[in-house]
Amino acid sequence: MDEPAEIGRRVQRLRGERGLTQRQLAEPAYTPAYVSTLEAGKVRPSETALRFLAGRLGTSYEELATGRPATLATELRLALTDAQRTLATGSAREACGHFRRLLAEAERLGLADERAEALLGLGDCALEAGELSEAAGHFEAAEHLLAGEPLPRRARPIRGRAVAHLLAGELRYACYLLESAIDGLNAGGLADPEALVLLYSAVIGPYIDMGAHARAAHAAELALALAPQVADPALVAGMHRQVARTFLAEGRVADADASLAKAQAVYRQLRLRTDLAHCHWMRGYVQAQHGELAAAERELRIAREMLTARRAALYTAQVEVELADVLRRLGRYEEAAELVSGLLAEGSDPGAVHAGGAHRLLGLIAEERGDAEAAEEHYVRALALLERSGAGGDLADLCRLLGDLLRRGGRTEAALDAYRTGLGHRAAPGTTTLGPAPAAPAFR
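The structure displayed is predicted, hence computed values, not measured ones.

(A) Structural view of the packing of helix 10 (residues 151–167) against helix 12 (residues 193–209). Relative orientation of the contacting elements helix 10 and helix 12 amounts to 20 degrees, with a least axis distance of 9 Å. With respect to their mutual orientation, helix 10 and helix 12 come out roughly parallel. In this structure, the crossing between helix 10 and helix 12 has a hand that is left-handed. Taking contact as the criterion, the partners of Pro152, Ala155, Arg156, Arg159, Val163 and Leu166 in helix 10 are, on helix 12, Ala195, Leu198, Leu199, Ala202, Gly205, Pro206 and Asp209. Across the contact of helix 10 with helix 12, the residue classes break down as nine nonpolar, one polar and three charged.

Spelled out as structure tokens, the structure:
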């Protein structure tokens, strides 16, 4: 709301344009003296008073309080919906340009909710492009703007921040952010299906990398059970967008906003294809751990196909590490090596954990082919990458592989050093946060 003097001048101007006296404007709810005092800028009007006066003047509360026509905010939300559609169905780079322009416009107009929406869009674009520090900054800024909102409203920036930290190798902190939000939603009775699917699917990755496989499987089960409650019909979203434009052309701003909110919700849900791909990824991983390799290959290929369609290059690369490991175990060495070698090509960055996994896999392939020197080189590279990430279970396994390789080569002291390093990383297997697992939702 503007300062009283600004509001007073605005009321006086609009009253004059409509040919109303102060008495005609004031009655029956207020007195002419109150309108005179307000127009002089000597009193700050309440929201109730401004809404009454706006109705008498034939304008909106927002325009009277801020000087901005209500249609400006609605048009901005419409443009944000278009940008969300572009991100959900097209190019992240193109969507990023739209979101940057809309963020500047929202800042100019002083619209906090629209600023937060633009920042969330920029964060999602940066995640898909693999620009992790930039993504985290956008999500933090959005969360700050939404600090006073209910937890379900803050689920998207929390999830975004956690994913950025996860991909940067900060597993424990990512886990803490997601578990805290899940616990807050379920324990506080705020069981919002969309928010929970976003958070459950995001927590699968850090659970796997930290060795908490039971928690990961449970999170995937809950996400898949809740997913039907957040279906994503793109056709319906497009209909709501067109209806919003029609209402706006007719001056029905409130109706346009309502249709637009429905379209925005659907386009946000379209991103669930990425989240559901993570659930297929988790299923494939668990099946691989139980030796069900054919089933694991099917699930991982589904996840890879879904992520490729989304142009989510970073996530696609990570699934390809898991798929290549399954192919190796099936004896398809050439196919596995070709798949994983592409992830480490110049200009690629699958993240520290998965780059380490790629080198570990190439080491296994080299060792099984009898090339001990190449195997050791890949294991050492993987060790350097994983030590930065805190992926305890992966580090312990890698140190065992390296120790066994060195011992078979007669380098006993070096092998002992590798084993000791691995034992240090096995001090707390499967640990995630200091607290218990998050509360489960009250429904499925």
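That was the structure; now back to the text.
(B) Representation of the layout of surface pockets within the structure. Approximately 280 Å³ is the volume found for the second largest pocket. Considering the residues around the second largest pocket, the lining is formed by 13 residues, among which Ala92, Arg93, Cys125, Glu128 and Ala129 are closest to the centre. Looking at the lining of the second largest pocket, the elements with two or more residues in it are helix 7 (92–109) and helix 8 (112–129). Here the element with the most residues in the lining of the second largest pocket is helix 8; it accounts for five residues. Among the residues making up the lining of the second largest pocket, the classes are represented as six nonpolar, one polar and six charged.

(C) Just the pattern of salt bridges, in detail. For the coordinates displayed, the defined rule picks out 31 salt bridges. Between glutamate 17 and arginine 13 there is a salt bridge, and its shortest N-O distance comes to 3.1 Å. You can see glutamate 17 and its partner arginine 13 sitting in helix 1 (residues 4–17), four residues apart, about one turn around the helix. Judged by its relative accessible area of 42%, arginine 13 falls in the partly exposed class.

(D) Here's a closer look at helix 17 (residues 293–309). Compared with the 24 Å implied by 1.5 Å per residue over 17 residues, the 24 Å span of helix 17 between its first and last C-alpha is a close match. Regarding helix 17, the residues found buried are Leu293, Ala295, Ala296, Glu297, Glu299, Leu300, Ala303, Met306 and Leu307. Positive phi appears at arginine 311, one or two residues downstream of helix 17, with a value of about 60 degrees.

(E) Focus on the packing of aromatic side chains. Across all of its chains, the model carries three aromatic pairs by this definition. Here tyrosine 30 and tyrosine 34 contribute two aromatic rings whose centre-to-centre distance is 5.1 Å and whose plane-to-plane angle is 20 degrees, an arrangement assigned as stacked. Chaining the aromatic ring pairs together yields one cluster made of Tyr30, Tyr34 and Phe52.

(F) The arrangement of unusual backbone geometry in detail. Look at the link from glutamate 27 to proline 28: it is a cis peptide, with omega at 5 degrees. With respect to the helices, strands and loops of the structure, proline 28 is situated in the loop between helix 2 (22–26) and helix 3 (32–39).

(G) Structural view of the side chain of aspartate 325. By the element assignment, aspartate 325 lies in helix 18 (residues 313–329). According to the relative accessible area criterion, aspartate 325 is buried, its value standing at 18%. Apart from the residues within four sequence positions on either side, aspartate 325 is in contact with Arg360 and Leu361.

Conventions adopted
- Residues numbered from 1 in each chain as written.
- Predicted model: local features only at pLDDT ≥ 70, side-chain atom pairs only at ≥ 80, totals over all residues.
- Heavy atoms only, no water.
- Axes fitted to C-alpha atoms, helices over the stretch in contact; angles between N-to-C directions.
- Helix = DSSP H or I, 4+ residues; strand = E, 2+ residues; numbered from the N terminus.
- Parallel < 35°, antiparallel > 145°, perpendicular 65-115°, else oblique.
- Left-handed = near helix turned anticlockwise from the far one by under 90°.
- Contact = heavy atoms within 4.5 Å.
- Nonpolar A, V, L, I, M, F, W, Y, C, P; charged D, E, K, R; others polar.
- 1 Å grid on protein atoms, 1.4 Å probe; cavity = no way out; pocket = protein on both sides within 12 Å on 5 of 7 lines; lining within 4 Å.
- Points joined across faces, edges and corners; volume = space filled by probe spheres on them.
- Salt bridge = Lys/Arg side-chain N within 4 Å of Asp/Glu carboxyl O.
- Buried < 20%, exposed > 50% of the residue type's maximum accessible area, 1.4 Å probe, protein only.
- Expected span 1.5 Å × (residues − 1).
- Phe/Tyr/Trp six-rings, centres within 6.5 Å; stacked < 30°, edge-to-face > 60°.

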